[in-house]
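So you can see what is in the structure, the chains are spelled out below.
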Amino acid sequence: MQATLKTKLEFRGRGLHSGAPATLRLLPYPAHMGLWFKRSDVTDRDALIPARWDAVTETRLCTRLANRDGATVSTVEHVMAALAAMGVDNALIEVDGPEVPILDGSALPFARAIAEAGLAPQDGDRRMLRVLESVEVRDGDRLARLDPASRLEIDVSIDFADPAIGRQQVRLAPTPGAFLAELADCRTFCLAAEIEAMQAAGLARGGSLDNAVVVENGRVLNPGGLRRADEFVRHKALDVVGDLGLAPAPLLARYTGVRS
């Protein structure tokens, strides 16, 4: 059985990269419609953007989607992770700017609000996408692979030179309960040395210690420190859940990512 949101949910904040204020609304949507973004500020062309893999146009430091008329929406991975993990099949994601608000840098505000509001069951079978053969992409020592499995499972590992991060690995099945308990609160992160270059490229203009973990020479600069000892790899796993949520249906597969 499919599911949508029971009620409208609203979030306000700033875009991580643009720094622009934005309001995002999650709205119930009819069965079989899937997940769609709508740019409520776009009035001169098609404002609907499919939350689907073939709409991806950018993956540098965020995931950006675009429709055929050139309307775009960026940094979709956190809200997509919450929707996918919490079992929302159909929803309209309305945002009044070019970027989803970053909030606290995690998916927790989205996931917690969805859990508290609850889901409404809808008529119609829930379609699943079963991986029948392994699919692998390599780039040097980087790897992303999907293998057959009876449910979605993820295995993510990272390796950073900065000792505050280092090598970390996490494995889990991102069920609604596991996502809320193990991944949703883990924040995006960056190296302090990279901030100036990102801002010169027009990125991270809305970033701060309130919405990202910043690391410099083995130190976490955020006054409150980390939420978890391995928050870095858990956030990467959160991003994986969001990006896999762009598949045409929920995946039955095991995802392995090595520096992916």
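Residues numbered from 1 in each chain as written. Predicted model: local features only at pLDDT ≥ 70, side-chain atom pairs only at ≥ 80, totals over all residues. Heavy atoms only, no water.

Peer 1: Tell me about the nonpolar core, and name the residues and values.
Peer 2: Residues Leu26, Phe37, Leu83, Ile114, Ile154 and Phe179 are the most contacted members of the largest nonpolar core, which totals 61 residues. It is helix α5 (residues 231-244) that contributes the most residues to this core, seven residues altogether. When residues no more than four places from it in sequence are discounted, the contact partners of Ile114 are Leu5, Leu9, Leu26, Ala82, Leu83, Met86, Val88 and Leu119. (Core = buried A, V, L, I, M, F, W, Y, C linked by side-chain atoms within 4.5 Å. Buried < 20%, exposed > 50% of the residue type's maximum accessible area, 1.4 Å probe, protein only. Helix = DSSP H or I, 4+ residues; strand = E, 2+ residues; numbered from the N terminus. Contact = heavy atoms within 4.5 Å.)

Peer 1: Explain α5 to me, using residue names and the numbers behind them.
Peer 2: Note on helix geometry: an α-helix contains 3.6 residues per turn, so any two residues three or four positions apart are oriented the same way. Here α5 spans 20 Å end to end across 14 residues, near enough to the 20 Å set by a 1.5 Å rise per residue. Buried residues dominate α5, accounting for twelve of its 14 residues. Residues of α5 that are buried include every one of Glu231, Phe232, Val233, Arg234, His235, Ala237, Leu238, Asp239, Val240, Val241, Gly242 and Leu244, and no others. (Expected span 1.5 Å × (residues − 1).)

Peer 1: Could you give an account of the sheet that holds strand β16 (residues 189-191), with specific residues and numbers?
Peer 2: Taken together, the three strands give an open sheet; going across it, the order is β16-β17-β18, and neighbouring strands pair in mixed fashion. Each having just a single partner strand, β16 and β18 (219-220) make up the two edges of the open sheet. For strand β17 (residues 213-216) and β18, the ladder comprises two bridges, and the chain directions are antiparallel. Along β18, the bridge assignment pairs Val215 with Val220. Along the sheet, helix α4 (residues 192-200) contacts β16 and β17; its crossing angle with β16, the most-contacted strand, is approximately 95°. Against the sheet, α5 makes contact with β16, β17 and β18, and its axis sits at roughly 135° relative to β17, the strand it touches most. (Pairing = 2+ DSSP bridges. Axes fitted to C-alpha atoms, helices over the stretch in contact; angles between N-to-C directions.)

Peer 1: Got a sec to walk through the side chain of Asn67? Specific residues and values, please.
Peer 2: Relative to the elements of secondary structure, Asn67 occurs in the loop between β7 (64-66) and β8 (72-74). Within the local environment of Asn67, its side chain forms a polar contact with the backbone oxygen of Asp46, the two atoms lying 2.8 Å apart. For Asn67, the side chain forms a polar contact with the main-chain oxygen of Leu48, separated by 2.9 Å. (Polar contact = N/O pair within 3.5 Å; in protein donor to acceptor, adjacent residues only side chain to side chain.)

Peer 1: Explain unusual backbone geometry residue by residue, including any values.
Peer 2: Its identity is not glycine, yet Leu61 carries a phi of approximately 65°, on the positive side. Of note, Leu61 is situated in the loop between β6 (56-58) and β7. Phi at Thr75 is positive, roughly 55°, even though this residue is not glycine. Checked against the element boundaries, Thr75 lands in the loop between β8 and α1 (77-85).

Peer 1: Report on the pattern of salt bridges, specifying residues and quantitative values.
Peer 2: Under the counting rule described, the total for this entry stands at 21 salt bridges. For Arg259, the salt bridge goes to Asp141, with nearest N and O atoms at 2.5 Å. Here Arg259, found in the segment after β19 (251-258), pairs with Asp141, found in the loop between β12 (135-139) and β13 (142-148); they are 118 residues apart in sequence, far enough to count as distant. Here Asp141 falls in the partly exposed class, since its relative accessible area comes to 49%. Of the charged contacts, one joins Arg167 and Asp159 as a salt bridge, the two residues approaching to 3.2 Å between their closest N and O atoms. (Salt bridge = Lys/Arg side-chain N within 4 Å of Asp/Glu carboxyl O.)

Peer 1: Tell me about the sheet that holds strand β9 (residues 91-95), and name the residues and values.
Peer 2: Taken in spatial order, the five strands line up as β2-β3-β9-β4-β5 in an open sheet, and their pairing is mixed. Each edge of the sheet is formed by a strand with only one pairing partner; in this case those strands are β2 (9-14) and β5 (48-50). Strand-to-strand, the axes of this sheet are offset by a mean angle of 25°, without reference to chain direction. Pairing of β2 with strand β3 (residues 21-28), which is carried by six bridges, proceeds in the antiparallel orientation. Pairing of Glu10 across the sheet is with Arg25, part of β3. The sheet strands contacting α1 are β3, β4 (35-39) and β9, and the helix crosses β4 at an angle near 145°. Lying over the sheet, helix α2 (residues 108-117) contacts β2 and β3, oriented at roughly 165° with respect to β2.

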